[in-house]
Amino acid sequence: MASTPSVLVVGGAGYIGSHMVKYLLRQGCDVVTYDNLSTGYRDAVLGGEFVLGDLADKAALEDLFSTHSFDGVVHFASFIQVGESVKEPAKYYENNVTNTLNLLNAMVKHEVKRFIFSSTAAVYGEPQYVPIDEAHPKQPINPYGKTKWMVEQILQDYDNAYGLKSIALRYFNAAGADPEGELGERHEPETHLIPLVLQAASGRRPHISVFGRDYDTPDGTCIRDYIHVADLADAHWLALQKLLGGSDSAAYNLGNGNGFSVQAVINAAREVTGRDIAVEDSPRRDGDPARLVANSLAARNALNWLPVRHDLDTIIQDAWRFESSR
Ligand code: UDP
């Protein structure tokens, strides 16, 4: 492996991608971000080369791969809203599957054979047990989860046929922000709990809606496994190094292993921000399981990954620093 690999980050202007670009730059890598800025921000790409481009554009991909030599590709560019994926599946299959195929085919053609893929806990569907390990059945219940599972299956076939080695990382609830305050979550519209709670704290929203208090959990609200974006970036780096070192393809869960309820998140946000956060009780949101918690032992063992910003207060403090700066 080159000591400072050359890495293509697709979707490097988005939430997790931008943290990854910063991380790779700090490791001394040559970094190229390829992003169409449909949901990302140019100013979130803190360095390296930026190429404005779309994965649907095969000619642009051909140009990218013929003018650069990449040791590996990290792919974050996808649509991520579960509800939207139910209403507009075509948009999800086209971008998350067809466009990913364009990327993989360009890689195969140009003999770039190391690929890190952003996958999701949504590949498992309704949990049959928690904590969820990688052997849990894959029965995604919405088009978003299906697109990610399809790509994981495509990756197995591309490994068999073309020797393209990949590591799929199945995120649970990505959260938090750059501990140095330069980057954070900027989804439009925002649908995720922690940024919404903090927008209610800062006054950008009147209140936070709690989607259901009648779940089978100790306080009746849903439990999720929040994993800090800086810990995610670390896992991607370790996975990339592992592939560059000659490892075989794999898929790992990335989570804290700790579940926090919606109410616990609101309570922690009140503590961290010192603000009053107005709460409105709302009906359940479709498709929300009561508990989603990761068993991430495989990633810890195989990648030597140790999440260090796992504490809920730390996650919220980092996200609050970013929200306060806006
Ligand atoms: N949630 C909520 N109010 C909101 C947004 C989310 O009560 O305004 C709940 C949601 O029902 C789920 C948890 O917070 O139980 C985390 O939701 P999020 O959308 O952040 O991530 P998901 O688990 O859907 O990936």
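Residues numbered from 1 in each chain as written. Predicted model: local features only at pLDDT ≥ 70, side-chain atom pairs only at ≥ 80, totals over all residues. Heavy atoms only, no water.

**Considerations on the packing of helix α4 (residues 89-109) against helix α5 (residues 143-162)**
Look at α4 against α5: their axes get within 9 Å of each other, and the N-to-C directions meet at 20°. By the angle between their axes, α4 is roughly parallel relative to α5. α4 and α5 meet at a crossing whose hand is right-handed. For the pair formed by α4 and α5, the contact residues are P89, Y92, Y93, N96, V97, T100, L101, L104, N105 and V108 on the first element and P143, Y144, K146, T147, M150, V151, I154, L155, Y158 and Y162 on the second. In terms of residue class, the contact of α4 with α5 is built from 15 nonpolar, 4 polar and 1 charged. (Axes fitted to C-alpha atoms, helices over the stretch in contact; angles between N-to-C directions. Helix = DSSP H or I, 4+ residues; strand = E, 2+ residues; numbered from the N terminus. Parallel < 35°, antiparallel > 145°, perpendicular 65-115°, else oblique. Left-handed = near helix turned anticlockwise from the far one by under 90°. Contact = heavy atoms within 4.5 Å. Nonpolar A, V, L, I, M, F, W, Y, C, P; charged D, E, K, R; others polar.)

**Considering empty space enclosed by the protein**
Where empty space is left in the structure can be found by rolling a water-sized probe over the atoms. For the structure shown, the criterion picks out 1 cavity of 30 Å³ or more. Approximately 100 Å³ is the volume attributed to the largest cavity. Lining the largest cavity are 13 residues, with E185, P195, A319, F322 and E323 positioned closest to its centre. Looking at the lining of the largest cavity, the elements with two or more residues in it are α6 (193-202) and α10 (312-324). If one sorts the elements of the lining of the largest cavity by residue count, α6 sits on top with 4 residues. (1 Å grid on protein atoms, 1.4 Å probe; cavity = no way out; pocket = protein on both sides within 12 Å on 5 of 7 lines; lining within 4 Å. Points joined across faces, edges and corners; volume = space filled by probe spheres on them.)

**Looking at the pattern of salt bridges**
Summed over the entire model, instances satisfying the criterion amount to 17 salt bridges. In this structure, E180 engages K22 in a salt bridge whose closest nitrogen and oxygen atoms are separated by 2.6 Å. Placement of the pair is E180 in the loop between β7 (173-175) and α6 and K22 in helix α1 (residues 15-26), with a sequence separation of 158 residues. What makes E180 partly exposed here is its relative accessible area of 46%. Put simply, K22, R26, D178, E180 and E182 are held in one network by salt bridges that share partners. (Salt bridge = Lys/Arg side-chain N within 4 Å of Asp/Glu carboxyl O. Buried < 20%, exposed > 50% of the residue type's maximum accessible area, 1.4 Å probe, protein only.)

**A word on the environment of V86**
Mapped onto the secondary structure, V86 falls in helix α3 (residues 82-87). Residues V86 and N142, 56 residues apart in the sequence, show an inter-C-alpha distance of 6.2 Å.

**A word on the sheet that holds strand β9 (residues 223-224)**
Ordered in space as β12-β9-β14, the 3 strands form an open sheet in which the pairing is mixed. Lying at the two open borders of the sheet, with one neighbouring strand each, are β12 (260-261) and β14 (291-292). Summarising the sheet, β9 and β12 pair through 2 bridges and their orientation is antiparallel. By the bridge assignment for β12, I223 is matched with S261. (Pairing = 2+ DSSP bridges.)

**Considerations on the sheet that holds strand β4 (residues 72-75)**
The 7 strands lie next to each other as β3-β2-β1-β4-β5-β6-β11, forming an open sheet whose pairing is parallel. Two strands in the sheet have a free side with no partner beyond their single neighbour: β3 (49-52) and β11 (250-254). Strand-to-strand, the axes of this sheet are offset by a mean angle of 20°, without reference to chain direction. Across 5 bridges, strand β1 (residues 6-10) lies against strand β2 (residues 30-35) in parallel orientation. Looking at the pairing, L8 lines up with V32 of β2. Across the sheet, helix α7 (residues 229-244) lies against β1, β4, β5 (114-120), β6 (165-171) and β11, angled at about 160° from β6, the strand it touches most.

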